[in-house]
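Analysis of the macromolecular model
Here is what each chain is made of, one letter per residue.
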Amino acid sequence: MWQQIRLIPCLLLAGRRWVKTTKFTRARYIGDPINAVRIYAAKQVKELMVLDITASQRRTGIDFKLIQQLLEECGTNVALCYGGHIKRRADVTALLQMGVKKIAINACSEDDIALISEIADRYGSQVVMAIMDIKLTKGGDYRVWNFQANAHTSLSPMAWGARLQKAGAGEIFLSSMDRDGTREGYDYTLIEATAAAVDIPVIAYGGANRLSDCVRVIKDTGAAAAAACTLFVYKGYLDAVVPNYPSASKISEIFQS
Amino acid sequence: MNQGQPLVGMKRAGSGRDYDCLVCVSGGLRSARVLAHLVRAGMRPLALHLDTGWNTELAVHNLEVLQDRLGCDLWTHVCEWDEYKDAQLAFLKASVIDLDLMRRHAVFALAHQIAARYKIRHIVTGADASWFSRSTASLEPLPKAGLPVGWRHFTPDATRIQAIQAKHGTRIWQSLPSMSAWQWLKNQIVQRVKTSNGTDFFGGENCVLPDDLQSFIDELGLKAEIYQGDESEFLQFFYAQYLPKKGFNVVEVLKNNLVQADQPQPQPQPQPLQMPAPDFCVKNWHYVLKKLDLSADELAAYLQQAPVSHAAYASGGKSWMLAMKVARKLGVF
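Predicted, not measured: the structure shown is a model, and the values here were computed from it. (Residues numbered from 1 in each chain as written. Chains lettered and ligands numbered in written order. Predicted model: local features only at pLDDT ≥ 70, side-chain atom pairs only at ≥ 80, totals over all residues. Heavy atoms only, no water.)

Side note on the confidence of the model for chain A
Here is the rule: The pLDDT value expresses, per residue, how confident the predictor is, ranging between 0 and 100. Numbering of helices and strands starts at the N terminus; helices are DSSP runs of H or I of at least 4 residues and strands are runs of E of at least 2.
Within chain A, residue pLDDT values average 93, and 99% of them lie at 70 or more. Mean pLDDT across the elements of chain A ranges from a minimum in helix α8 (residues 248-256) of chain A, with 89, to a maximum in helix α1 (residues 33-42) of chain A, with 97.

Looking at a nonpolar patch on the surface
All names here are of chain B. Here is the rule: Residues enter patches when their relative accessible area tops 30% and they take part in no salt bridge; the joining distance is 9 Å for like charges and 5 Å for the nonpolar side chains Val, Leu, Ile, Met, Phe, Trp and Tyr. Residue burial considers only the protein chains on display, and all accessible areas are found by Shrake-Rupley using a 1.4 Å probe. For salt bridges, the criterion is a side-chain nitrogen of Lys or Arg within 4 Å of an Asp or Glu carboxyl oxygen. For the exposure calls, accessible area comes from a 1.4 Å probe over protein chains only, and a residue counts as buried if that area is under 20% of its type's maximum, exposed if over 50%, partly exposed in between.
A cluster of nonpolar side chains, contributed by Trp182, Ile189, Val190, Leu322, Val326 and Leu330, occupies part of the molecular surface with about 550 Å² of accessible area. Of all elements in the fold, only α8 (181-191) and α14 (317-330) reach the threshold of two or more residues within the nonpolar patch. Mapped onto the elements of the fold, isoleucine 189 is located in helix α8. Given a relative accessible area of 39%, isoleucine 189 falls into the partly exposed group.

Topic: the pairing of strand β8 (residues 142-146) of chain A
All names here are of chain A. Let me state the cut-off plainly: Following DSSP output, two strands are said to pair if at least two bridges run between them.
With four of its five residues buried, β8 lies for the most part within the structure. Alignment of strand β7 (residues 128-136) against β8, held across three bridges, turns out to be antiparallel. Bridge assignment links isoleucine 134 to a residue of β8, and that residue is valine 144. Connecting β7 to the antiparallel partner β8 that follows it, the hairpin turn spans five residues, and glycine 140 within it adopts a positive phi of roughly 90°. Both β8 and strand β9 (residues 151-152) contribute to a ladder of two bridges, which runs antiparallel. Paired with asparagine 146 across the strands is alanine 151, a residue of β9. Linking two consecutive strands that pair antiparallel, namely β8 and β9, is a turn of four residues; a positive phi of about 60° is found at asparagine 150 within it.

Brief notes about the packing of helix α10 (residues 233-245) of chain B against helix α12 (residues 278-292) of chain B
Residue and element names in this part refer to chain B. Put simply, the rule reads: Think of each axis as a best-fit line through the C-alpha atoms, taken over the contacting stretch in the case of a helix, with angles from 0 to 180 degrees between the N-to-C directions. Angles below 35 degrees are treated as roughly parallel, those above 145 as roughly antiparallel, those between 65 and 115 as roughly perpendicular, and all remaining angles as oblique. Each helix crossing is assigned a hand: it is left-handed if the near helix lies turned anticlockwise from the far helix by less than a right angle, otherwise right-handed if that turn is clockwise. In this description, contact between two residues means that some pair of their heavy atoms is separated by no more than 4.5 Å.
Closest axis-to-axis distance for the α10/α12 pair is 10 Å, and the angle between their directions is 120°. With respect to their mutual orientation, α10 and α12 come out oblique. Relative to α12, the crossing made by α10 is left-handed. Side by side, α10 and α12 meet where Glu233, Gln236, Phe237, Ala240 and Gln241 of the first sit next to Phe280, Cys281, Asn284, Trp285, Tyr287 and Val288 of the second.

Side note on the side chain of glutamine 67 of chain B
By secondary structure assignment, the location of glutamine 67 of chain B is in helix α3 (residues 57-70). Setting aside residues up to four positions removed in sequence, glutamine 67 of chain B forms contacts with Lys235, Gly236, Ala240 and Val242 of chain A together with Cys72 and Leu74 of chain B.

Here it is as structure tokens:
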């Protein structure tokens with residue numbers, strides 16, 4: 001069973017800079033993404049997510065040259081998923097031709113739904129990963145966050161997740177903004193509710209502190225995979241930047257215990 | 001040398017503080033050995049690592065292991081890659097021999113800054129050659145090494161880095177750690193930081209030699225370097241491809257340096273003294289091209305240039321000599 005356990009390091013990029021955010025703000029520079037991907041590839045990571053959080057603010061949009069360089073470091077053993085300013089089908093075509101395995105689309109509007117359907121029809125659902133950023137409202141409800149407008153939408157993650165599934169998304173990347181970078185553990189309530197509402201795999205993100213958090217989120221909440229930034233980068237009390245990833249034997253050991 | 005003596009002083013100076021000493025670690029075996037030795041001697045070291053954007057898997061693996069198994073805190077500083085890259089390109093264009101100067105200087109400055117922040121009184125340089133080595137400070141050729149003047153420059157001298165970057169670079173050394181002679185002197189007067197070379201605790205270069213090295217590696221689960229500079233892709237390039245092109249055989253240089261360090265002879269040779277295999281070099285070459293954003297022709301052209309002495313560029317050596325003299329007079333160095 002353990003071969004299928006998916007632990008996904010997630011790299012946030014601000015242009016060509018590798019950063020780490022806390023609650024989606026306060027981006028700290030943590031290095032050069034090319035070297036980071038090279039290290040993760042050497043650590044036998046199977047899947048890697050790269051999210052360019054400033055691509056939509058840049059006039060130049062997607063940095064294809066950087067993605068090409070990252071793909072070279074990934075080689076044939078690491079599946080790269082790219083997200084950041086995916087608005088046109090032509091971009092998706094170009095990325096897939098370059099060798100990107102999955103395309104992550106931040107989905108919070110009808111336009112995004114249309115794009116997801118279009119890509120799913122053309123290339124199949126397996127290449128489409130829909131990102132839902134979830135933030136608690138003041139009233140204590142989970143609502144999808146519109147990253148570009150920097151505001152809440154009225155969409156509930158359960159209903160919207162079902163909608164994305166219907167549109168053709170192959171996976172849902174469920175990121176909890178309130179937990180991002182906090183090391184408080186995943187938001188298990190949110191993940192469990194969302195995973196129950198959809199049939200497609202849900203990837204949990206935000207708050208992982210230890211590998212046992214990943215075990216718990218996969219075993220107990222029905223999430224198909226655990227993604228994390230902090231867990232696979234920071235080490236120790238002083239937040240030392242040390243890219244790390246458990247070996248296959250360690251993963252199996254932890255999941256079996 | 002009584003190896004217990006410096007440790008007693010270190011422990012005493014660290015009482016009432018969070019850490020007894022600060023140890024610079026690269027991710028290589030030598031610095032790992034120094035750190036482990038200090039931890040086992042009952043010290044509470046803070047490990048310090050400078051990430052220049054060239055770390056290999058081996059380096060980050062070892063750093064992780066050191067933290068987990070020895071239980072000491074690690075402070076990392078990540079250099080802004082664009083800025084560091086510009087400095088490296090400037091050095092390549094300048095065709096000077098010591099491309100590693102920026103890294104050593106940044107570690108030097110960072111160590112003093114972090115020591116000041118945590119009020120640490122002792123800095124232990126991993127196992128790198130001493131920062132204040134007189135032979136390099138006075139710009140003399142290294143005795144017995146048979147190398148020309150200025151092949152390896154005095155680490156604390158930031159003026160030289162700035163001079164090279166001013167001529168060949170496009171940016172300035174801004175967010176990267178740096179320290180001038182006067183800042184250092186002020187720091188010494190206030191903090192009275194003592195700097196020692198990690199290898200001193202083992203009586204010279206011994207830290208990579210002992211018979212129990214393999215058991216040390218196995219015990220902590222470290223990864224051993226195979227080639228010189230395996231903790232950094234750039235050092236691999238520097239030792240295996242850059243220096244030979246400039247007419248320096250690093251294997252010979254290191255051997256000579258060992259002789260120069262007044263080692264009792266004969267001794268078993270320190271282990272990572274091999275040249276990497278050609279296919280390894282090819283991969284490394286392509287990676288360097290990508291990182292530095294150069295075409296193969298451009299990099300080859302830089303390597304073809306005749307080596308230029310560091311002495312061709314401005315130096316803050318005189319300020320440093322003066323600052324060190326004053327510090328010695330005041331008894332703070």
